[in-house]
Amino acid sequence: MNNLLVKKPWGEEYIVCKTKKTATWHLKINSRKKTSLHCHPKKKTGFILLDGKVEVMIGFYEKRVLRAPDKLMIRPGLFHSTKGLSKKDSIVLEIETPVNKTDLVRYKDNYGRENKPYEGKKKMKKLNDEIIFRIPKKFGSNVYNYKDLKITIEKIKSLKKLIFKRKKNTIFGILDGGLVDSKKNYVLSAGDIVRTNTIKKLADAFKINNQITILTCSKSA
């Protein structure tokens, strides 16, 4: 799936960043189009909305409207669907763990894909000039700008650097590693998405397990 763009009836997606624990997908959801009502029996999924406005169906009874920049977590086995509400395309980063596109059950679909597997090679093509987020080879950060947002990919081993000068509403997506207690039990792990206040509270009581790789999203100004 690396370096491939997957065409969908509602838009398109590709892997924008990948670690051993997670794959981060860049989704473009067209206006008034929506994904299938589907679940991932084993995967944890996190959303970060970078642009636009979407309506997320959570389970069978709850709907939530997200406006960029916003976030949402989907537990394994929870059916969900995302619909673009903006006049233009909506852009979503989707962090999944473990990395497995076959972990998919479609329940309802506007395009006749009920009970069908993930798209085959006929729906894929090589990436052209799409943005890719690079993981730092050593400790440090790579910075990307998207409209009025600043996105970073960081590899960190210091708690001070994890929380240093973070804006209040910064969104943190954990790509690898995490925070653990004294017995190495994870309290924040790959695939989790939280904001600054949660990171600061956890950093008061827990520590980084060797290192942590994060994706952050915040307003540039």
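You'll find the structure just up there.
For clarity, every value in this text was computed on a predicted model and none was experimentally measured. (Residues numbered from 1 in each chain as written. Predicted model: local features only at pLDDT ≥ 70, side-chain atom pairs only at ≥ 80, totals over all residues. Heavy atoms only, no water.)

Observations regarding the pattern of salt bridges
In step 1: In the structure shown here, the tally under the stated rule is 17 salt bridges.
In step 2: The salt bridge partner of Glu-12 is Lys-7, with a shortest N-O separation of 3.2 Å.
In step 3: Given a relative accessible area of 14%, Glu-12 falls into the buried group.
In step 4: Residue Lys-7 is classed as partly exposed on the basis of its relative accessible area of 37%.
In step 5: Glu-119 serves as the salt-bridge partner of Lys-8, at 2.7 Å between the closest nitrogen and oxygen. Linking Lys-8 in strand E1 (residues 4-8) with Glu-119 in the loop between strand E11 (105-108) and strand E12 (124-126), this pair joins segments that are 111 residues apart in sequence.
In step 6: We classify Lys-8 as buried; its relative accessible area is 11%.
In step 7: According to the relative accessible area criterion, Glu-119 is buried, its value standing at 11%. (Salt bridge = Lys/Arg side-chain N within 4 Å of Asp/Glu carboxyl O. Buried < 20%, exposed > 50% of the residue type's maximum accessible area, 1.4 Å probe, protein only. Helix = DSSP H or I, 4+ residues; strand = E, 2+ residues; numbered from the N terminus.)

Looking at unusual backbone geometry
In step 1: Going from Ala-68 to Pro-69, the amide bond is cis rather than trans, its omega being -10°.
In step 2: Following Thr-97, the chain continues into Pro-98 via a peptide bond in cis, with omega recorded as -5°.
In step 3: Take Pro-98: it is sitting in the loop between strand E10 (90-97) and E11.
In step 4: The backbone of Asn-3 sits at a positive phi, close to 65°, despite the residue not being glycine.
In step 5: Tracing the chain through its elements places Asn-3 in the segment before E1.
In step 6: The residue Lys-184 is not glycine, and still its phi comes out positive at about 65°.
In step 7: For Lys-184, the position within the fold is in the loop between strand E15 (171-180) and strand E16 (186-188).

As for the sheet that holds strand E8 (residues 70-74)
In step 1: Across the sheet, which stays open at both edges, the 7 strands sit in the order E8-E5-E10-E3-E2-E1-E12 with antiparallel pairing between neighbours. Unpaired on one side and paired on the other, E8 and E12 mark the two borders of the sheet. The mean inter-strand angle of the sheet, taken between neighbouring strand axes irrespective of direction, is 25°.
In step 2: Where strand E5 (residues 44-51) and E8 come together, 5 bridges link them in antiparallel fashion. Within E8, the position partnered with Thr-45 by the bridge is Ile-74. (Pairing = 2+ DSSP bridges. Axes fitted to C-alpha atoms, helices over the stretch in contact; angles between N-to-C directions.)

Re the environment of Lys-71
In step 1: Residue position: Lys-71 is located in strand E8.
In step 2: Given the relative accessible area of 24%, Lys-71 is considered partly exposed.
In step 3: The spacing of Lys-71 and Asp-103 is 32 residues in sequence and 22 Å in space, taken between C-alpha atoms.
In step 4: Setting aside residues up to four positions removed in sequence, Lys-71 forms contacts with Phe-47, Ile-48, Leu-66, Ile-171, Ile-193, Val-194 and Arg-195. (Contact = heavy atoms within 4.5 Å.)

Structural notes on the packing of aromatic side chains
In step 1: Going through the model one piece at a time under the given rule, you end up with 6 aromatic pairs.
In step 2: Ring geometry for Trp-25 and Tyr-118: centres 6.4 Å apart, planes at 65°, overall edge-to-face. Placement of the pair is Trp-25 in strand E3 (residues 23-29) and Tyr-118 in the loop between E11 and E12, with a sequence separation of 93 residues.
In step 3: Chaining the aromatic ring pairs together yields one cluster made of Phe-60, Tyr-61, Phe-79 and Tyr-107.
In step 4: When the ring centre of Trp-25 is taken as reference, the NZ or CZ atom of Lys-101 above it lies at 4.3 Å. (Phe/Tyr/Trp six-rings, centres within 6.5 Å; stacked < 30°, edge-to-face > 60°. Lys NZ or Arg CZ within 6 Å of the ring centre and 35° of its normal.)

Section: the nonpolar core
In step 1: In terms of nonpolar packing, the biggest core is built from 20 residues, with Trp-25, Val-56, Leu-66, Leu-72, Val-92 and Tyr-118 touching the most fellow members.
In step 2: Listing elements by their share of this core, those giving two or more residues are E3, E5, strand E6 (53-58) and E8.
In step 3: Looking at this core, the element that brings in the most residues is E3, giving 4 residues.
In step 4: In terms of nonpolar packing, the next biggest core, distinct from the first, is built from 19 residues, Ile-48, Ile-91, Ile-151 and Cys-217 among them. (Core = buried A, V, L, I, M, F, W, Y, C linked by side-chain atoms within 4.5 Å.)

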